[in-house]
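Spelled out from the first residue to the last, the chains are:
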Amino acid sequence: VPASVPAHAAAPPSYTVQGGYTIPEPLTDTPGDPAMGRNWVINRKLGNCLSCHQMPIPEEQFHGETAPALYGVGDLYSAGELRLRIVDPKVLNPQSMMPAFYKTEGLNRVLKGFEGRPILTAQQVEDIIAYLMTLKDTSKAKN
Amino acid sequence: MAGLVIAAVPATGAVAADGDGTRIDWGPYKVGDVRSGYTYAGAQTRAMQDDDFQNPAFLWLERGAELWDTAEGAAGKACADCHGDAEESMADVATHYPIYFEDWGKLMNIEQRINWCRETQMQAEPFEWESDDLLGITAFVKHQSKGLPVDVSVDGPAAPFFEKGKAFYEERRGQLDMACTHCHVDHPGDLIRAETLSQGQANGFPTYRLKWQTLGSLHRRFRGCNRNIRAEPFPYGSDEYTNLELYVTWRGNGLPVESPSVRK
Ligand code: HEC
Ligand code: HEC
Ligand code: HEC
């Protein structure tokens, strides 16, 4: 597995949560690319968001059922609110099943080869946010 | 017994028709809210398990039966020399393991018991974990309890080990920072990508997993579930996994021993 995962930047994740509900500042200077974001949410080694969420990605056969569908999520939340939900959802719900995708602190017994680096790079998080902001169709939500 | 259960279930689409399968009469495979992995498996996989001639695990059972009668080690003894007919002497043994083993001051599971017999009783080398020999003899011993309800004891001297197993089960780990509970307590019946989550019960192990194309132990499954969340697995037979085995097995008290089961 480790071989196919791109090496991440050495700098530890840094971001500021405001008011306990949002990270308004983007993590990178380069704006997110929604087409790349769509790739990352499918990719099983990266976001693999589809393992838990249903999304408007018809070419992928199996969508998970353990979490809310994300069809209209770009209407529900601001980019900053989505950023917090991807960076560290446990700020909002300490019991959450959802991994923190941009965090390295406080993890327990991380598999060799994955220690000290977040699941996604800062740019991948920004790409995913850009993609999620395009999801506006609440009528298609399945659960 | 297994044949009767299948007959009670409509031949096709039984699971789909009921959504999550909670209202289907699963016979002994469902005790209250406790459901064997069998009840989450696809119809084809269940059919493979139900038919001894289709169940690939039966190759390992044959190997186990052979080993039962084979003398090995400096003592020149076979399992049968001490335990006689396995159908009698091993009739309900698997329902009680892991046990608290006084000499060790900790838990012992069936694989460890078998290797204890090899080392101390037969003066033979222990079998290696995941070898066809250990899987075969384990499946053979457990198969003698097939259909009998799992009934492990978790009080008395086993209690502190049970508590450790429970804590392990509930503890987040790995880069994905998840606990066993997130998948097997909160979401049985739900898809996680292409897999239907079950309650993660232990009553079918060793299990023939189609993905593995071989029989595998419960500890192999634990290692796989740890790895999937990018957590460093523990070694086969480690105290951590044997304690976890007691907790996981206890969650399924009352389910029938199914060894060797077939799973996706
Ligand atoms: C292992 C399961 C899992 C994975 C993988 C996962 N999520 Fe989640 N997600 C959840 C759960 C469960 C919730 C519900 C809120 C909670 O419990 O934190 C959630 C909530 C959300 C929400 C808020 C939805 C709402 O309607 O409030 C967003 C947005 C989200 N996830 C995005 C993502 C993205 C993007 C990815 C991949 C980069 C991802 N999730 C991966 C389980 C997961
Ligand atoms: C990310 C989700 C996830 C987590 C976390 C997880 N598992 Fe699993 N587990 C699965 C999947 C998927 C399967 C295969 C389908 C099934 O039986 O649930 C499985 C199967 C199993 C099985 C086999 C069940 C059978 O009937 O054959 C056992 C036992 C098990 N898990 C135990 C555990 C234990 C113990 C932990 C924690 C150390 C754990 N799992 C953590 C996803 C998970
Ligand atoms: C020389 C005698 C001897 C041989 C050979 C032997 N065992 Fe044992 N076995 C024992 C003794 C003694 C015990 C412990 C009985 C007790 O404490 O109740 C035992 C216990 C067991 C138990 C647990 C029974 C229970 O009720 O807890 C199993 C399972 C077992 N043996 C399997 C095997 C297998 C499989 C083999 C061959 C690989 C084997 N034994 C070979 C003497 C032997």
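Residues numbered from 1 in each chain as written. Chains lettered and ligands numbered in written order. Predicted model: local features only at pLDDT ≥ 70, side-chain atom pairs only at ≥ 80, totals over all residues. Heavy atoms only, no water.

An unreviewed UniProt entry annotates chain B as SoxAX cytochrome complex subunit A originating from Roseospira marina. What UniProt states about chain B under its Sequence similarities (unreviewed entry) heading is, verbatim, "Belongs to the SoxA family." (UniProt positions renumbered as here; feature names shortened; annotations may be inferred.)

**Focus on the coordination of the iron atom of ligand 2**
Residue and element names in this part refer to chain B. For the iron atom of ligand 2, every protein donor is listed as H184 (NE2) and C225 (SG), and the spread of their distances is 2.0 to 2.3 Å. Taken together, the 6 donor atoms surrounding the iron atom of ligand 2 define angles of 87 to 179 degrees at the centre, an arrangement classified as octahedral. Within this pair, whereas H184 is found in helix α10 (residues 180–184), its partner C225 is found in helix α11 (residues 218–228), the two being separated by 41 residues in sequence. The class for H184 is buried, based on a relative accessible area of 17%. Residue classification places C225 among the partly exposed residues on the basis of a relative accessible area of 29%. (Donors = N, O, S within 2.8 Å, 3.2 Å for Na, K, Ca; no water. Tetrahedral: all angles 85-135°; square planar, octahedral: opposite > 155°, others 65-115°. Helix = DSSP H or I, 4+ residues; strand = E, 2+ residues; numbered from the N terminus. Buried < 20%, exposed > 50% of the residue type's maximum accessible area, 1.4 Å probe, protein only.)

**Re the coordination of the iron atom of ligand 3**
Residue and element names in this part refer to chain B. Taken together, H83 (NE2) and C117 (SG) make up the protein donors of the iron atom of ligand 3, found 2.0 to 2.3 Å from the metal. Angles of 86 to 178 degrees at the metal separate the 6 donor atoms of the iron atom of ligand 3, which places the site in the octahedral class. You can see H83 sitting in helix α5 (residues 79–83) and its partner C117 sitting in helix α7 (residues 110–121), a full 34 residues away along the chain. Its relative accessible area of 33% is what places H83 among the partly exposed residues.

**As for the site of ligand 3**
All names here are of chain B. Surrounding ligand 3, one finds 18 residues, the nearest of these being C79, C82, H83, Y97 and C117. Between H83 and ligand 3, the recorded distance is 2.8 Å, taken from a side-chain N or O atom to a nitrogen atom. Within the side chain of Y97, one N or O atom sits 2.5 Å away from an oxygen atom of ligand 3. In terms of residue count, α7 provides more of the shell around ligand 3 than any other element does, 6 residues in total. Here the residues of the shell around ligand 3 sort into 13 nonpolar, 2 polar and 3 charged. (Near = heavy atom within 4 Å. Polar contact = N/O pair within 3.5 Å; in protein donor to acceptor, adjacent residues only side chain to side chain. Nonpolar A, V, L, I, M, F, W, Y, C, P; charged D, E, K, R; others polar.)

**Digging into unusual backbone geometry**
Residue and element names in this part refer to chain B. The amide bond that connects F205 to the next residue, P206, takes the cis arrangement and shows omega of -5 degrees. Relative to the elements of secondary structure, P206 occurs in the loop between β6 (195–196) and β7 (207–209). A cis amide bond links S259 to the next residue, P260, at an omega of -5 degrees. Tracing the backbone through its elements, the reader meets P260 in the loop between α12 (239–251) and β9 (261–263). Phi at R193 takes a positive value of approximately 50 degrees, unusual for a residue other than glycine.

**As for the interface of chain B and chain A**
With 24 residues of chain B at the interface, the matching set in chain A holds 29 residues. Across the chain B to chain A interface the summed buried area is about 2,500 Å²; carbon plus sulfur atoms make up 51%. The three residues of chain B that bury the most area against chain A are Q175(B), R193(B) and R230(B), which together make up 38% of that side's buried surface. Our count for the chain B to chain A interface comes out at 3 salt bridges. (Contact = heavy atoms within 4.5 Å. Buried area = accessible area lost by both parts, 1.4 Å probe. Salt bridge = Lys/Arg side-chain N within 4 Å of Asp/Glu carboxyl O.)

**A short note on the nonpolar core**
In terms of nonpolar packing, the biggest core is built from 37 residues, with V41(A), M55(A), I86(A), L120(A), V125(A) and L132(A) touching the most fellow members. Taken together, the elements giving at least two residues each to this core come down to α1 (34–42), α3 (79–87) and α4 (122–132) of chain A. By residue number, the principal contributor to this core is α4(A), which donates 6 residues. Each residue touching V41(A), except ones within four places of it in the same chain, is listed here: G47(A), N48(A), C49(A), L50(A), M55(A), I57(A), I128(A) and Y131(A). With 26 residues, the next largest nonpolar core counts C79(B), A86(B), M108(B) and L215(B) among its residues. (Core = buried A, V, L, I, M, F, W, Y, C linked by side-chain atoms within 4.5 Å.)

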